[in-house]
Amino acid sequence: MLLQNQQHHLTPRRKRHRRLQLRKHGRTASWQKYTRPGVKNESIPDAVRLILETQPENEFKIADVMTALFKEDMPKNQYLKARNRISNVLSGGVRAGDWFKGARGTYRMTAA
């Protein structure tokens with residue numbers, strides 16, 4: 001009851017913020033349960049870095065990184081969300097200078 005009374009006095013902006021906090025709490029992305037055991041406890045950016053660092057001279061396509069990070073039985077909806085996240089991480093790493101983008105949408109740790 002006290003929580004309801006406290007929310008009653010909040011501004012509309014704070015109420016919206018409180019709702020979003022309550023909704024996000026304790027939830028993970030639906031695709032995270034499909035990560036492989038070797039990267040299960042890593043953040044996605046750290047897991048991508050780990051994959052690229054294991055073979056710094058090789059070029060990886062997004063599909064290669066996906067295969068290395070996720071189990072085969074991932075539903076298509078979660079696969080597409082995860083693929084988008086991996087694509088964003090790879091692009092961000094290129095912008096940050098963490099790795100390089102090669103020809104035809106490939107990524108590698110070292111410059112070509």
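Residue positions are given per chain, counted from 1 along the sequence in the order it is written. Totals for whole chains, interfaces and linings use all residues, but because this is a predicted model, local features are given only for residues with pLDDT of at least 70 and pairs of side-chain atoms are given and counted only at 80 or more. Working from all heavy atoms in the structure, the side-chain values ignore hydrogens and water.

Turning our attention to the confidence of the model for the chain. A residue's pLDDT is the predictor's confidence in that residue, given on a scale from 0 to 100. Within the chain, residue pLDDT values average 82, and 75% of them lie at 70 or more. Helix and strand definitions follow DSSP, with helices as H or I runs of at least four residues and strands as E runs of at least two, each counted in order from the N terminus. The lowest-confidence element of the chain is helix H1 (residues 2-8), averaging 48 in pLDDT; the highest-confidence one is helix H4 (residues 62-69), averaging 96. Whether two residues are in contact is decided by their heavy atoms, any of which lying within 4.5 Å being enough. Under a pLDDT of 50 for its full length, residues 1-7 has, in the predicted model, three contacts with residues more than four places off or in other chains.

What counts as a salt bridge is simple: a side-chain nitrogen of Lys or Arg found within 4 Å of a carboxyl oxygen of Asp or Glu. Across all of its chains, the model carries five salt bridges by this definition. Ionic pairing is found between Glu57 and Arg108, a salt bridge with its closest N-O pair at 3.6 Å. With a gap of 51 residues between them, Glu57 in the loop between helix H3 (44-54) and H4 and Arg108 in strand S2 (residues 107-108) connect regions that are remote in the sequence. One salt bridge in this structure joins Arg108 and Glu59, with 3.3 Å as the shortest N-O distance. Taken together, the positions of Arg108 in strand S2 and Glu59 in the loop between H3 and H4 put the pair 49 residues apart, joining distant regions of the chain.

Let us now look at the nonpolar core. Judged by nonpolar contacts, the single largest core of 22 residues is most densely connected at Val48, Leu69, Phe70, Ile86, Leu90 and Trp99. Within the residue set of this core, elements represented by two or more residues are H3, H4 and helix H5 (76-96). For this core, the leading source of residues is H3, giving five residues. Setting aside chain neighbours within four positions, we find Phe70 in contact with Trp31, Tyr34, Thr35, Arg36, Ile44, Ala82 and Ile86. To define a nonpolar core, start from buried Ala, Val, Leu, Ile, Met, Phe, Trp, Tyr and Cys residues and group those joined through side-chain atoms within 4.5 Å. Relative accessibility under 20% of the residue-type maximum defines a buried residue, over 50% an exposed one, and the middle range a partly exposed one, all with a 1.4 Å probe and only protein chains included.

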